[in-house]
Amino acid sequence: MLDKMRDDENHYKNLVDGKWIDGNDNKTITIYSPIDGSELGSVPAMASEDVDLAIETAKQAQRHWRNVTIDEKAEILYKTAKILLTQKEELTDLMMKEIAKDRKSCASEIERTADFIRFTADTAKNISGESIPGDSFPGVKTNKISMVKREPLGVILAISPFNYPVNLAASKIAPGLMAGNSIVLKPASQGSLCGLYLARVFQEAGVPAGVLNTVTGRGSEIGDYITTHRGINFINFTGSTEVGKHISEITSMVPLLMELGGKDAAIILKDADLDLAATNIVAGGYSYSGQRCTAVKRILVIDEVADTLVEKIVSKMETLKVGNPLEQDVDIVPLISEKAADFVCELIDDAKEKGAKLLVGGTREGNLIAPTLFDNVTTDMRIAWEEPFGPVLPIIRVKSKDEAIQIANDSEYGLQSAVFTSNINEAFYVANRLEVGTVQVNNKTERGPDHFPFLGVKSSGIGTQGIRYSIESMSRPKATVINLYEQGED
Ligand code: NAP
Ligand code: G3P
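If you're wondering where the values come from, they're calculated on a predicted model, not measured in any experiment.

Thresholds applied
Residues numbered from 1 in each chain as written. Chains lettered and ligands numbered in written order. Predicted model: local features only at pLDDT ≥ 70, side-chain atom pairs only at ≥ 80, totals over all residues. Heavy atoms only, no water. Helix = DSSP H or I, 4+ residues; strand = E, 2+ residues; numbered from the N terminus. Rg over C-alpha atoms; globule rule 2.2 N^0.38 Å. Buried < 20%, exposed > 50% of the residue type's maximum accessible area, 1.4 Å probe, protein only. Contact = heavy atoms within 4.5 Å. Areas by Shrake-Rupley, 256 points an atom, 1.4 Å probe, with all protein chains shown as cover. Pairing = 2+ DSSP bridges. Axes fitted to C-alpha atoms, helices over the stretch in contact; angles between N-to-C directions. Near = heavy atom within 4 Å. Polar contact = N/O pair within 3.5 Å; in protein donor to acceptor, adjacent residues only side chain to side chain. 1 Å grid on protein atoms, 1.4 Å probe; cavity = no way out; pocket = protein on both sides within 12 Å on 5 of 7 lines; lining within 4 Å. Sits in = over half its atoms within 2 Å of the grid points. Nonpolar A, V, L, I, M, F, W, Y, C, P; charged D, E, K, R; others polar. Points joined across faces, edges and corners; volume = space filled by probe spheres on them. Salt bridge = Lys/Arg side-chain N within 4 Å of Asp/Glu carboxyl O. Core = buried A, V, L, I, M, F, W, Y, C linked by side-chain atoms within 4.5 Å.

S.K.: Lay out the overall build of the chain in plain terms, naming residues and giving numbers.
M.R.: Helix and strand counts for the chain stand at 15 helices and 24 strands. Relative to the 2.2 N^0.38 estimate, which gives 23 Å for 490 residues, the radius of gyration of the chain is 24 Å and therefore close to what a compact globule would have. Along the three orthogonal principal directions, the C-alpha set of the chain runs to about 80 × 70 × 40 Å. Here the chain, with 490 residues, has 55% of them falling under the buried criterion. Put simply, 72% of the contacts in the chain that link residues at least 6 apart link residues at least 24 apart. Total accessible area on the chain stands at roughly 20700 Å², and carbon and sulfur atoms take up 49% of it.

Have a look at this one:
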């Protein structure tokens, strides 16, 4: 498929109105691999008039798409999932190079996306409306009934992040399409080759011209224009809290679904299975070098079991493989950019200066940061609160579960938390008090399975994702009220 997408100079184009086009002024962005700086290709840097065209096209196409039967839409999605799987090898290679994710995780992202797309089609086919009798409300006569169905919203702007360039684009596109909307996808610049690839797969599966369009370009340059565009009816954004807050400040009267940053805590109580906790902490904290919103980002452990837990985590960290994902099967990969690696190092330096005990790692080679673990982290350290989006975990020792809950809740974020305990009452005690979208009991924090609700509170997001929730978020109820009259009645 790649051969059909790029020219001899490795230039990729945007999908607008069913055609692959460049921007009006032919400006481009070059995409380099975070692994070795090699040039992977270029994409158009679309300007405001290109954005206008993509949105206008989407608006026109949606008028027809909304009336395509659910069954026909679903068939297109089933075909999309099928094509995606046939392209797994090629797309895995592209993704590894573009975002430096390890081979196994790239392949599983693609498989998971195919499952997601299929499940979305199945779910949409089974969403039915409801009819509400009027007489359940006091004083209403029996002759009223509200028939409620779901209507699309119009044009969805889908903005995706770098870390799941296929999955977090598809998880906006597929439910958006099934709800009868058209889509304008603005992928992360680092990740845009994968985003365009996904668009090509949808197109090959039969998504009609104009129903799915792409706009590449730096968020810092076209972001404000596209998010405040009058033709956009809904914004579905995944990315940093900083950008998410900015979008919510400059937009008005446009509904938003936002999945943002996190500082997910793993809380380990006295009676926890410490082997289980250590395994989950290492897998949850360090996979893809911690570049996941749901990565475990701090450990809050009761003092009495802290030494044993630390020993187990350190020993499991020895099995983490660090290096170049193109050369070997690794867990720890180079971070997405030099800027990202610099930021992580700032947090490491701050922790060291303020007296945290460095147990493992703390070193850097280019953008590759060794898996790092700090003990005796205190609440005056930046690593206790800030999201590194890198392979660094702080251990904060606490005296009680209430202290753990308080520190967990003092965060500006509220995505997920995990609690490890063998006592169900303790699990509920903690879970009921945590200010987050999801609490995992005896497991690492994670988004899937993808039909579960996934949401962040506080600075971690607005609205709810998850297959059925996403379809509902990108549609609205439409009520038709039937007023029945008996013959002869006025
Ligand atoms: P990011 O820098 O916020 O970028 C996300 C997307 O927003 C990219 O497509 C980016 O485009 C675009 N963008 C940047 N500035 C914009 C603006 N002014 N207006 C509109 N769009 C703009 O985030 P990232 O570095 O890709 O991802 C890492 C962050 O995302 C972390 O904080 C992580 O926690 C969060 N995240 C959250 C979830 C979740 O589900 N809660 C999932 C994944 C990631 P460019 O690439 O062109 O700048
Ligand atoms: O960072 C992306 C976020 O949605 C996490 O997904 O599956 O890694 O928990 P997951």
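On we go from here.
S.K.: Which residues make up the sheet that holds strand β17 (residues 372-375), and what values go with them?
M.R.: Taken in spatial order, the seven strands of this open sheet run β14-β17-β18-β13-β12-β20-β21, and their pairing is mixed. Bordering the open sheet on either side are β14 (357-360) and β21 (438-441), each of which pairs with just one other strand. Going across the sheet, the axis of each strand differs from the next one's by a mean of 25°, ignoring polarity. Pairing analysis gives four bridges linking strand β13 (residues 298-302) to strand β18 (residues 392-398), with the strands arranged parallel.

S.K.: Run through the site of ligand 1, naming residues and quoting values.
M.R.: Close contacts around ligand 1 come from 30 residues, with Ser160, Ser189, Ser240, Leu260 and Glu387 the closest. One of the side-chain nitrogen or oxygen atoms of Ser189 is found 2.6 Å away from an oxygen atom of ligand 1. Contacts to ligand 1 include Gly219, whose backbone N or O atom sits 2.8 Å from an oxygen atom. Coverage of ligand 1 by the protein chains reaches 86% of its 900 Å² of free accessible surface. Among the cavities detected, the one that contains ligand 1 is the largest pocket. Taken together, the elements giving at least two residues each to the shell around ligand 1 come down to α8 (219-227), β10 (234-238) and α9 (241-250). Broken down by element, the residue count for the shell around ligand 1 peaks at four residues, all from α8. Residues of the shell around ligand 1, tallied by class, amount to 13 nonpolar, 12 polar and five charged.

S.K.: Lay out the site of ligand 2 with the relevant residues and their values.
M.R.: As a structural note, the neighbourhood of ligand 2 is formed by Arg112, Asn163, Tyr164, Leu168, Arg292, Cys293, Thr294, Glu446, Arg447 and Phe454. A distance of 2.6 Å is found between an oxygen atom of ligand 2 and a side-chain nitrogen or oxygen belonging to Thr294. Arg447 places a polar side-chain atom, nitrogen or oxygen, 2.8 Å from an oxygen atom of ligand 2. Across the complex, the protein chains shield 96% of the 310 Å² of accessible surface that ligand 2 would expose by itself. Its atoms largely coinciding with the cavity grid, ligand 2 occupies the second largest pocket. Split by residue class, the shell around ligand 2 holds four nonpolar, two polar and four charged.

S.K.: Please set out the layout of surface pockets residue by residue, giving values where relevant.
M.R.: If you add up the space inside the largest pocket, you get close to 1600 Å³. What lines the largest pocket is a set of 42 residues, among which Phe162, Ser240, Glu242, Val243 and Lys339 lie closest to the centre. Of all the secondary-structure elements, those providing two or more residues to the lining of the largest pocket are α8, β10, α9 and α12 (338-353). Top element by residues in the lining of the largest pocket is α8. It accounts for six residues.

S.K.: Can you lay out the pattern of salt bridges for me, pointing to particular residues and giving the numbers?
M.R.: Scanning the model with the defined rule gives 28 salt bridges in all. Salt-bridge contacts for Arg66 lead to Glu151; the nearest nitrogen and oxygen are separated by 3.1 Å. Separated by 85 residues along the polypeptide, Arg66 in the loop between α2 (48-65) and α3 (70-86) and Glu151 in strand β6 (residues 144-152) bring together distant segments of the chain. We classify Arg66 as partly exposed; its relative accessible area is 33%. The partner of Asp275 in a salt bridge is Lys312, with the nearest N and O atoms 3.2 Å apart. Of the two residues, Asp275 is situated in helix α10 (residues 274-286) and Lys312 in helix α11 (residues 303-317); the sequence distance between them amounts to 37 residues. According to the relative accessible area criterion, Asp275 is partly exposed, its value standing at 39%.

S.K.: Could you give an account of the nonpolar core, with specific residues and numbers?
M.R.: Membership of the largest hydrophobic core comes to 67 residues, with the highest contact counts inside it found for Ile173, Leu177 and Phe202. With nine residues, helix α7 (residues 192-205) is the largest single contributor of residues to this core. By size, the runner-up hydrophobic cluster in this structure holds 56 residues, among which are Val344, Ile383, Val398 and Val419.

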